[in-house]
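Observations on the model geometry
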Amino acid sequence: MPEHGDPIILPPSEISDATRRAEALIPTPYGTFRMVAYAGDAEDYTPHLALVHPDMDPTGEVIVRLHSECITGDLFGSMRCDCGEQLDRSLRMVQAGKGVVIYLRQEGRGIGIINKLKAYQLQDQGFDTIEANIHLGLEVDGRHYGVAQGILQDLGIGKIQLLTNNPLKVDSFDEGPIEVVRRLPIIVPPVQESEAYLKTKLVGMGHWLK
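An account of the accompanying structure is given in this report. Because the structure is predicted, anything quoted here is derived from the model rather than measured.

1. Some remarks on unusual backbone geometry
- One non-glycine residue with positive phi stands out, namely Lys-98, at about 55°.
- Residue position: Lys-98 is located in the loop between α3 (83-97) and β5 (100-104).
- Accessibility expressed as a relative area gives 41% for Lys-98, which makes it partly exposed.

In structure tokens form, the structure reads like this:
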């Protein structure tokens, strides 16, 4: 682990993916955010996005949500997962707390939408979300958060209150430049369609859901 004050060098792929490409003010039902796009290629169709409260103070302990893309939940309101409701609550909390939501383009815990739909078919046959990924020869969770640290650095943020139930997200900051001062829970009560999925996250993946 680097000594205090040593520069943090991120892998080249993660540095390039965190290059600021464009930004604009976006009014939303939650309030106005400064949306900043980050990508290695200026023509990238799916850049990572930071939604930054216009009055965010980077010198304080900034409330931050790292939200991995979930087309089915975020866009279409699927009830098979809690992702859409987590994003909704995150945007409300970040707007109230003058923080940041980083929207990472790593659909389906990193497997992509096509494989995610294949995994859903297996889940309908009795597999849980972990078993389905393994059956398809995929990682259970292939997400990475180094690019998020690069984005936070670009925004001038050094200390965060991380809005998550996922221990891997907290652990991902252990050897980086950003200090997690505290974790903030974001609990979405299960519905019938998401109950098995959330149980697997709790038991099989160690998420803090109680």
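2. Quick look at the pairing of β5
- Along β5, 5 of the 5 residues are buried, which leaves the element largely enclosed by surrounding structure.
- Neither face of β5 is exposed, since Val-100, Ile-102 and Leu-104 on one face and Val-101 and Tyr-103 on the opposite face are all buried.
- With 5 bridges joining them, strand β4 (residues 61-68) and β5 adopt parallel strand pairing. Directly across from Arg-65, in β5, lies its bridge partner Val-101.

3. So, a negative patch on the surface
- A cluster of acidic side chains, namely Asp-17, Asp-41, Glu-43 and Asp-44, defines a negative patch on the protein surface.
- By secondary structure assignment, the location of Asp-17 is in helix α1 (residues 12-17).
- Relative accessible area serves as the criterion here: at 31%, Asp-17 is assigned to the partly exposed category.

4. Re helix α5 (residues 112-124)
- Taking 1.5 Å per residue, 13 residues should reach 18 Å; α5 reaches 18 Å between its end C-alpha atoms and fits that length.
- Buried within α5 we find Lys-116, Ala-119, Tyr-120, Leu-122 and Gln-123. The arc that holds every buried residue of α5, seen down its axis, measures 160°, which confines them to one face. Exposed and oriented more than 90 degrees from the buried face of α5 are Ile-114, Gln-121 and Asp-124.
- On its buried face, α5 is in contact with α2 (71-75), α4 (107-110) and α6 (129-135).
- Just beyond α5, the residue with positive phi is Gly-126, at close to 115°.

5. Description of the packing of aromatic side chains
- Scanning all chains against the criterion turns up 0 aromatic pairs.
- The ring of Tyr-120 has Arg-80 sitting right over it, with the charged end atom 4.1 Å from the ring centre.

6. Some details on the side chain of Asn-165
- As for its position among the elements, Asn-165 is in the loop between β6 (159-163) and α8 (167-171).
- On the basis of relative accessibility, which here comes to 3%, the residue Asn-165 falls in the buried class.

7. Focus on the sheet that holds β5
- Here 7 strands make up an open sheet; going across it, the order is β1-β2-β3-β5-β4-β6-β7 and the pairing mixed. Either end of the sheet is taken by a strand with one partner, and the two such strands are β1 (20-28) and β7 (179-184). Shown here is a sheet whose adjacent strand axes are inclined to one another by a mean of 25°, direction ignored.
- Running at roughly 160° to β4, α3 makes contact with β2 (31-38), β3 (48-52), β4, β5 and β6 of the sheet.
- Contacts from helix α7 (residues 146-154) reach β1, β2, β3, β4, β5 and β6 within the one sheet, and its direction differs from that of β5 by about 145°.

Conventions adopted
Residues numbered from 1 in each chain as written. Predicted model: local features only at pLDDT ≥ 70, side-chain atom pairs only at ≥ 80, totals over all residues. Heavy atoms only, no water. Helix = DSSP H or I, 4+ residues; strand = E, 2+ residues; numbered from the N terminus. Buried < 20%, exposed > 50% of the residue type's maximum accessible area, 1.4 Å probe, protein only. Pairing = 2+ DSSP bridges. Patch = residues over 30% accessible without salt bridge, like charges linked within 9 Å, V, L, I, M, F, W, Y side chains within 5 Å. Areas by Shrake-Rupley, 256 points an atom, 1.4 Å probe, with all protein chains shown as cover. Salt bridge = Lys/Arg side-chain N within 4 Å of Asp/Glu carboxyl O. Lys, Arg positive; Asp, Glu negative; His and termini not counted. Charge placed at Lys NZ, Arg CZ, Asp CG, Glu CD. Expected span 1.5 Å × (residues − 1). Arc of directions from axis to C-beta. Contact = heavy atoms within 4.5 Å. Phe/Tyr/Trp six-rings, centres within 6.5 Å; stacked < 30°, edge-to-face > 60°. Lys NZ or Arg CZ within 6 Å of the ring centre and 35° of its normal. Axes fitted to C-alpha atoms, helices over the stretch in contact; angles between N-to-C directions.

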